[in-house]
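Structural overview
If you want the building blocks of each chain, they are given just below.
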Amino acid sequence: MTYYADLTPYTYDSDHWDPEASGRLWQGVPVLNVGWLSGDKGYANGSAPPGLVEALKSMTRTHRAQQTRGFHLCPWCPLLPGAGYADGPRGSAEIRVMGRGVAYAAPELIAHYVEGHGYLPPADFVAAVLSSDGAA
Ligand SMILES: [Zn+2]
């Protein structure tokens, strides 16, 4: 999967609903990357605050954006021989969360990264997720 360091400006894709938009703005505010991890890069590790995994899972339905036809696969969960893409953790969209004056774009797999691999997203993102209307 494409790697971006946390809190860097989002440049991955243009906005699917507005072909004229660069994708760097969303609902009028700059978009920052969160959770675009790579198997050959380190990431922040820690215990997730209570409710974070559940909120992120919920947001893959309520805050879904940028659906693609392809899949992102978890770089740390190898597919078993003979297994198909559908058998492992995968993502094909983003979640978008409003923060204070910014929006965050995270791959759908972020819930799996937090739950399965101890990834701890930036504090401002965690606060935005836990205070969002869509949080469980
Ligand atoms: Zn995994």
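Below is a short write-up of the structure. (Residues numbered from 1 in each chain as written. Predicted model: local features only at pLDDT ≥ 70, side-chain atom pairs only at ≥ 80, totals over all residues.)

1. Some thoughts on the overall build of the protein
Regarding its fold elements, the protein presents three helices and seven strands. Its helices and strands taken in sequence order, the protein reads β-β-α-β-β-β-β-β-α-α from the N to the C terminus. Counting only contacts in the protein whose residues sit at least 6 apart along the sequence, the fraction spanning at least 24 positions is 68%. (Helix = DSSP H or I, 4+ residues; strand = E, 2+ residues; numbered from the N terminus. Contact = placed C-beta atoms within 7 Å.)

2. Details of the pairing of strand β6 (residues 94-98)
Here is the key point about a regular strand: its side chains alternate between the two faces of the sheet. As judged from the two bridges shared by strand β3 (residues 64-65) and β6, these two strands associate in the antiparallel manner. Directly across from Ala65, in β6, lies its bridge partner Glu94. Direction of pairing for β6 relative to strand β7 (residues 103-107): antiparallel, over a ladder of five bridges. Paired with Val97 across the two strands is Tyr104, which belongs to β7. (Pairing = 2+ DSSP bridges.)

3. Concerning the packing of helix α1 (residues 52-62) against helix α3 (residues 123-131)
Here α1 crosses α3 at 70°, and the two axes come no closer than 9 Å. One finds that α1 runs roughly perpendicular with respect to α3. When you trace α1 past α3, the crossing you get is left-handed. For the pair formed by α1 and α3, the contact residues are Leu52, Ala55, Leu56 and Met59 on the first element and Val126, Val129 and Leu130 on the second. Looking at side-chain class alone, the contact of α1 with α3 contains seven nonpolar, no polar and no charged residues. (Axes fitted to C-alpha atoms, helices over the stretch in contact; angles between N-to-C directions. Parallel < 35°, antiparallel > 145°, perpendicular 65-115°, else oblique. Left-handed = near helix turned anticlockwise from the far one by under 90°. Nonpolar A, V, L, I, M, F, W, Y, C, P; charged D, E, K, R; others polar.)

4. Quick look at the packing of α1 against helix α2 (residues 110-117)
It is the contact of α1 with α2, at a shortest axis distance of 8 Å, that shows an interaxial angle of 155°. Accordingly, the angle class assigned to the pair α1 and α2 is roughly antiparallel. Considering only the axes of α1 and α2, their crossing is left-handed. Counted together, Leu52, Val53, Leu56, Lys57 and Thr60 of α1 and Ile110, Ala111, Val114 and Glu115 of α2 form the full contact between these two elements.

5. Quick look at the nonpolar core
With 27 residues, the main nonpolar core has Leu56, Val97, Tyr104, Ile110, Val114, Phe125 and Val129 as its most contacted residues. When contributions to this core are tallied by element, the ones reaching two or more residues are β2 (29-33), α1, β6, β7, α2 and α3. (Core = buried A, V, L, I, M, F, W, Y, C linked by C-beta atoms within 7 Å. Buried ≥ 20, exposed ≤ 12 C-beta atoms within 10 Å, placed from the backbone.)

6. Remarks on the sheet that holds β3
The strand order β1-β2-β7-β6-β3 describes an open sheet built from five strands, whose pairing is mixed. Where the open sheet ends on each side, the last strands, each with one partner, are β1 (25-26) and β3. Sheet strands in contact with α3 are β6 and β7, and its direction is about 85° off that of β6.

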